[in-house]
Amino acid sequence: MKVTIIGAGNVGASCASLLAQRNLVRKIVLLDIREKLSEGKSLDISQMLSMIESNTEVIGITKDYFQSKNSEIIIITCGIPRKPGMSREDLVKTNAEIIRTVTKKSILFSPKSKFIIVSNPLDVMSYVSYMTAKVDSSRIIGMAGILDSARYRFFLSKKLNISPIDIQSLLLGGHGDTMVPLYRYTSVSGIPIKEFLSEEENDEIIEKTKKGGEQIVNLLGTSAWMAPSASVVKIVETILKDSKRIFPCSVFLKGQYGLKDIYLGVPVVLGKSGVEKIVELKLNQKEKNLLKKSANHVKMMINKLKKFDTSY
Ligand SMILES: NC(=O)c1ccc[n+]([C@@H]2O[C@H](COP(=O)([O-])OP(=O)(O)OC[C@H]3O[C@@H](n4cnc5c(N)ncnc54)[C@H](O)[C@@H]3O)[C@@H](O)[C@H]2O)c1
Ligand SMILES: O=C(O)C[C@H](O)C(=O)O
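Going along each chain's sequence as written, the residues are numbered from 1 onward. Think of it this way: whatever chain is written first is A, whatever ligand is written first is 1, and the rest follow in order. Confidence filtering applies because this is a predicted model: local features only for residues at pLDDT of at least 70, side-chain atom pairs given and counted only at 80 or more, and all residues used for totals across whole chains, interfaces and linings. Note: side-chain values were computed over all heavy atoms of the structure, leaving out hydrogens and water.

Under an unreviewed UniProt entry, the name given to the protein chain is Malate dehydrogenase, and the source organism is Blattabacterium cuenoti BPAY. The annotation that UniProt attaches to the protein chain under Sequence similarities (unreviewed entry) is "Belongs to the LDH/MDH superfamily. MDH type 3 family." UniProt positions are given in the numbering used here, feature names are shortened, and annotations may be inferred rather than shown by experiment.

Student: Help me out: how do you make sense of the UniProt feature "active site" (unreviewed entry) in the protein chain in this one?
Tutor: Within this numbering scheme, the UniProt entry marks His175 as carrying the feature "active site" (unreviewed entry). Mapped onto the elements of the fold, His175 is located in the loop between β8 (171-172) and β9 (180-181). On the basis of relative accessibility, which here comes to 11%, the residue His175 falls in the buried class. Between two residues, a contact is recorded if the distance between any of their heavy atoms is within 4.5 Å. In contact with His175, other than residues within four places in its own chain, are Arg88, Asn120, Leu122, Asp123, Ala144, Leu147 and Asp148. Starting at the N terminus, helices and strands are each numbered in turn, a helix being any DSSP run of H or I of at least four residues and a strand any DSSP run of E of at least two. Only protein chains enter the accessibility calculation, which uses a 1.4 Å probe; a residue is then buried when its area is under 20% of its type maximum, exposed when over 50%, and partly exposed in between.

Student: Quick question: what am I supposed to make of the pattern of salt bridges here?
Tutor: In what follows, salt bridge is the name for a side-chain nitrogen of Lys or Arg lying within 4 Å of a carboxyl oxygen of Asp or Glu. For the structure shown, the criterion picks out 13 salt bridges. Here Glu97 and Arg100 are joined by a salt bridge, their closest N and O atoms 3.3 Å apart. Separated by three residues within a single helix, Glu97 and Arg100 lie in helix α4 (residues 92-109), roughly one turn from each other. Look at Arg100 and you get buried, because its relative accessible area is 15%. Within the structure, one salt-bridge network assembled from shared partners comprises Asp242, Lys244, Lys272 and Glu276.

Student: Could you clarify how one ought to interpret the UniProt feature "domain: Lactate/malate dehydrogenase N-terminal" (unreviewed entry) in the protein chain in this entry?
Tutor: As recorded in UniProt, the feature "domain: Lactate/malate dehydrogenase N-terminal" (unreviewed entry) lies at residues 1-142. Helix makes up 40% of residues 1-142 and strand 20%, with an end-to-end C-alpha separation of 21 Å.

Student: For this particular structure, what's the right way to read the site of ligand 2?
Tutor: A molecule or strand has a residue near it when one of that residue's heavy atoms lies within 4 Å. Around ligand 2, a shell composed of Arg82, Arg88, Asn120, Leu147, Arg151, His175, Gly213, Ser223 and Ala224 is seen. As used in this structure description, the phrase polar contact means that two N or O atoms lie within 3.5 Å; if the pair is within protein, one of them must be able to donate a hydrogen and the other to accept it, and residues adjacent in sequence are counted only when both atoms belong to side chains. Between ligand 2 and Arg88 there is a distance of 2.8 Å, counted from an oxygen atom to a side-chain nitrogen or oxygen. One of the side-chain nitrogen or oxygen atoms of Asn120 is found 2.8 Å away from an oxygen atom of ligand 2. Alone, ligand 2 offers 270 Å² of accessible surface; in the complex the protein occludes 95% of this. Three classes are used: nonpolar for Ala, Val, Leu, Ile, Met, Phe, Trp, Tyr, Cys and Pro, charged for Asp, Glu, Lys and Arg, and polar for all others, with Gly counted as polar. Partitioned by chemical class, the residues of the shell around ligand 2 number two nonpolar, four polar and three charged. What sets the accessible areas is the Shrake-Rupley method with a 1.4 Å probe; for residues, cover comes only from the shown protein chains.

Student: Would you mind showing me how to read the environment of Gly274 here?
Tutor: Relative to the helices and strands, Gly274 is located in strand β14 (residues 274-278). Residue class for Gly274 comes out buried when judged on its relative accessible area of 0%. As for Gly274 and Lys208, which are separated by 66 residues in sequence, their C-alpha atoms are 31 Å apart. Ignoring anything within four residues of it in the chain, the contact list for Gly274 reads Lys114, Ser138, Ile141, Ile239 and Val269.

Student: How should unusual backbone geometry be read in this particular structure?
Tutor: Glycine aside, the phi torsion of most residues is negative, and most peptide linkages are trans. Put simply, Asn120 and Pro121 share a cis peptide bond, and its omega is -5°. Along the chain, Pro121 turns up in the loop between β5 (114-117) and α5 (122-133). Positive phi outside glycine occurs at Lys36, with the angle close to 75°. By the element assignment, Lys36 lies in the loop between β2 (27-32) and α2 (37-46). Even without being glycine, Asn161 reaches a positive phi, approximately 55°. Its place among the elements puts Asn161 in the loop between α6 (145-160) and β7 (167-168).

Given below as C-alpha cells:
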C-alpha cells in the first residue's frame, strides 16, 4: 500500500508525519519540486519511526514521478499558500497551473489512484484536477469540510465548555467565507445544539469559523498545517479501511442540491472507491439560499479561470 504526497511543504510534510504515525501504509512517497526538501523532511520523519513503532517507509523524492508508481492515493498539497492580507482566491492562477501539471504527471504513473486535493482555492483546484485527470469524479476528493467542521467544533467546545469530541456538525458549500454550517444538523452527543445555544449565538461561532484560516495566517504569516493534515489523514484512513464514514468533502456535483459542473462541499460516504455516495439533505429556504450563494462564488472563480485558460 503506497501513498504519494505531492508538495513537501508545511501541509505535505505534516501529512507524511501524521500518516507515518498511524502506521497505516507500507510506503509514503513525499515529492517536491524543490531540491533536497522532501529528502530532508522524509529523513527526519523516518528517524522518528522506531520510537513510535511504525513500519511505514517514508522516502523523499525531487520531481521523479516514477517513484510514485501505482500509488493507492495521491495527496496534492503543492502550490503557494496565502500570506496576511491575501484571500485564497488570490492563489488561483498560480496554483491552477501547478495542480494541472502535477495531476497530469501523477495520473500517468498511478492510473487507478484516488486523489485528495488540498491546495487552494480548494473547490476550484479540485475542479482543475478533475478536468485534468479525466477519471471518474468519485476518485477526486477535495479536503476542506472536515477542517472547517473541526474548527467549528473547537470554537463551539470553548463556548459550551464541552469536549469537541462529543460535538457533531455538518457543513456545506465552498471552502471560504461562503461556507454554510448547518445549525439544524449540529448536536452534542445526539442532543440538538438548540438545547445549548440560540441560533444567534451560533452565528457568532460560525463567523469565527469562517475566519479560522485567516486568523492563523495573520498569526503565523502563512496558512495552517496541523489541523489540515489531520483532516487529510482522516480521509486517507477512511478510504484505506473502507470504513464508509460520512464526512463533508468537496466533490463534483451532477445535479445534486440542484447544482452541476462544480466542486462543492457536501456530505459524502467515503470508502475504498473514494466518494461512494453523495448524501442529499432536505434544506430549508435559508440554507438553500446560502448554498446557492456559495456555489455562485465558486462558479465565478471557475469561469474566470476558464476565460484565462480555454483548455478547461
Ligand atoms: N484545503 C485546505 O483546507 C487547506 C489547508 C491548508 C493549506 N491549504 C493549501 O495547501 C497549499 C500548500 O500549503 P503549505 O502551507 O504546505 O505551503 P508550503 O509553501 O509550505 O508548501 C508548498 C510546497 O509545494 C511545493 N511545490 C510548488 N510547486 C510544485 C510542483 N510543481 N511540484 C511539486 N511541488 C511543488 C513547494 O516547493 C513547497 O514545498 C496552499 O495552496 C494552501 O493554501 C489548504
Ligand atoms: O486559510 C488558508 O489559506 C489555508 C486553509 O484554507 C485554511 O483554512 O487553513
